[in-house]
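These are the residues of each chain, in order.
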Amino acid sequence: MVDRIALLSRLEGDARLLAEIVELFLRTAPRLMRDIKQALASKDAKKLERAAHTLKGAVANFGARQAYEAALTLEQHGRRGDLPAARRAWASMEKAMVRLKKELARLAEEHAA
Amino acid sequence: MKILIAEDDPVSRRVLEATLLKWGFDVTLSPDGAQAWDALVSEGAPKLAILDWMMPEIDGLEICRRARQRPGAGPLHIILLTARGRKEDVIAGLQAGADDYITKPFDHEELRARVQVGVRLVELQSMLADRVAELEEALARVRQLRGLLPICSYCKKVRDDRNYWQQVEQYVSMHADVKFSHGICPDCYRRVVEPQLHEAQRASGAVGSPDKKRREGGG
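Note that the structure is predicted; figures quoted are calculated from it, not measured.

With that settled, the discussion passes to the overall build of chain A. For chain A, the count of helices and strands is five helices and zero strands. Computed over its C-alpha atoms, the radius of gyration of chain A comes to 14 Å, within 12% of the 13 Å expected for a compact globule of 113 residues. In chain A, which comprises 113 residues, the proportion classed as buried is 49%. Taking contacts inside chain A between residues at least 6 apart in sequence as the whole, the part at least 24 apart equals 65%. A total of about 5,600 Å² of accessible surface is found on chain A, and carbon and sulfur atoms cover 53% of it. Across chain A, the centroid of the 22 positively charged side chains sits 7 Å from that of the 15 negatively charged ones.

So, in structure tokens, the structure goes:
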């Protein structure tokens, strides 16, 4: 799921930086997920679009296609103000994030070793 | 060279920062548009900026617009970060005043190439600005010599603004960055110097040089 080759080339093979940004992501992503959830609950399309956009940018750094697509879908629904569709898309976002977090944790461990 | 990174996502911001630091840049970071704008209008502001499009407070597009409307602003090269594959975004960004764009997630080599373009343009613009300032300064000095200059038809003295008659070289030296080195032109040599030399030789002949005496004595 994570595009390791693209990721490491972007970081110029810097394993320390990789560990650092993984840690940074794992620390900041829950807040963005919470923002999206809140935006869905309060039917705030603008907030949804913004939070999903930021999350999309964050996961893009890891070349995480599935999470990227899920965030993009949410962002587009937010832009169009289609909150029912956004709520339906939320499950795949959650699923993608669980997978991504696991994979990143493993990746950071491998490179730390 | 100083470079500004304005990006609200901490991961992207850190990756950009680390990359540009490795390439030897002096990096300034802003997590939102308001801080980015403050950095751009501060003393010794960065001349190169990588701005995220969508940011809290002021977005990247609005920063481009403001930057281009600022009177008397120095060179500023703006690279806008945009989402992948949105041509209309790119067009809107360039129209708002961005110089270039890069799509997220950025490609390492593409970022390097685009930043290098920015460095080249900023250096060129700075060089041109310095050159224009130099020329303006020179022009300000030369301008003092323009206008109608009253000159005496006989002795060629020049009358200055305070109704004082000066030698031409004195007047020009005061009003321009010029120094005179004195010499004699061939016409004046024939007209003035040669007769004086003849006169001097004649005078010394009249007093009597040892040479001439010997010649006279021997003859």
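The phi dihedral of Lys43 of chain A is positive, around 55°, even though this residue is not glycine. Within the element layout of this structure, Lys43 of chain A appears in the loop between helix H2 (15–41) and helix H3 (45–60). When its relative accessible area of 55% is taken as the criterion, Lys43 of chain A is described as exposed. Positive phi is not limited to glycine here, since Lys156 of chain B has a value of about 65°. Mapped onto the elements, Lys156 of chain B comes out in the loop between helix H5 (108–143) and strand S6 (158–159). According to the relative accessible area criterion, Lys156 of chain B is partly exposed, its value standing at 45%.

Moving on, we come to the confidence of the model for chain A. Within chain A, residue pLDDT values average 90, and 97% of them lie at 70 or more. Ranking the helices and strands of chain A by mean pLDDT puts helix H4 (residues 65–80) of chain A first, with 94, and helix H1 (residues 4–10) of chain A last, with 80.

Before going further, it helps to spend a moment on the side chain of Lys56 of chain A. Following the sequence through the fold, Lys56 of chain A ends up in helix H3. With near-sequence residues (within four places) excluded, Lys56 of chain A lies in contact with Tyr68, Ala71, Leu72 and Glu75 of chain A together with Ala83 of chain B.

Basis of the calculations
Residues numbered from 1 in each chain as written. Chains lettered and ligands numbered in written order. Predicted model: local features only at pLDDT ≥ 70, side-chain atom pairs only at ≥ 80, totals over all residues. Heavy atoms only, no water. Helix = DSSP H or I, 4+ residues; strand = E, 2+ residues; numbered from the N terminus. Rg over C-alpha atoms; globule rule 2.2 N^0.38 Å. Buried < 20%, exposed > 50% of the residue type's maximum accessible area, 1.4 Å probe, protein only. Contact = heavy atoms within 4.5 Å. Areas by Shrake-Rupley, 256 points an atom, 1.4 Å probe, with all protein chains shown as cover. Lys, Arg positive; Asp, Glu negative; His and termini not counted. Charge placed at Lys NZ, Arg CZ, Asp CG, Glu CD. pLDDT = per-residue confidence, 0-100.

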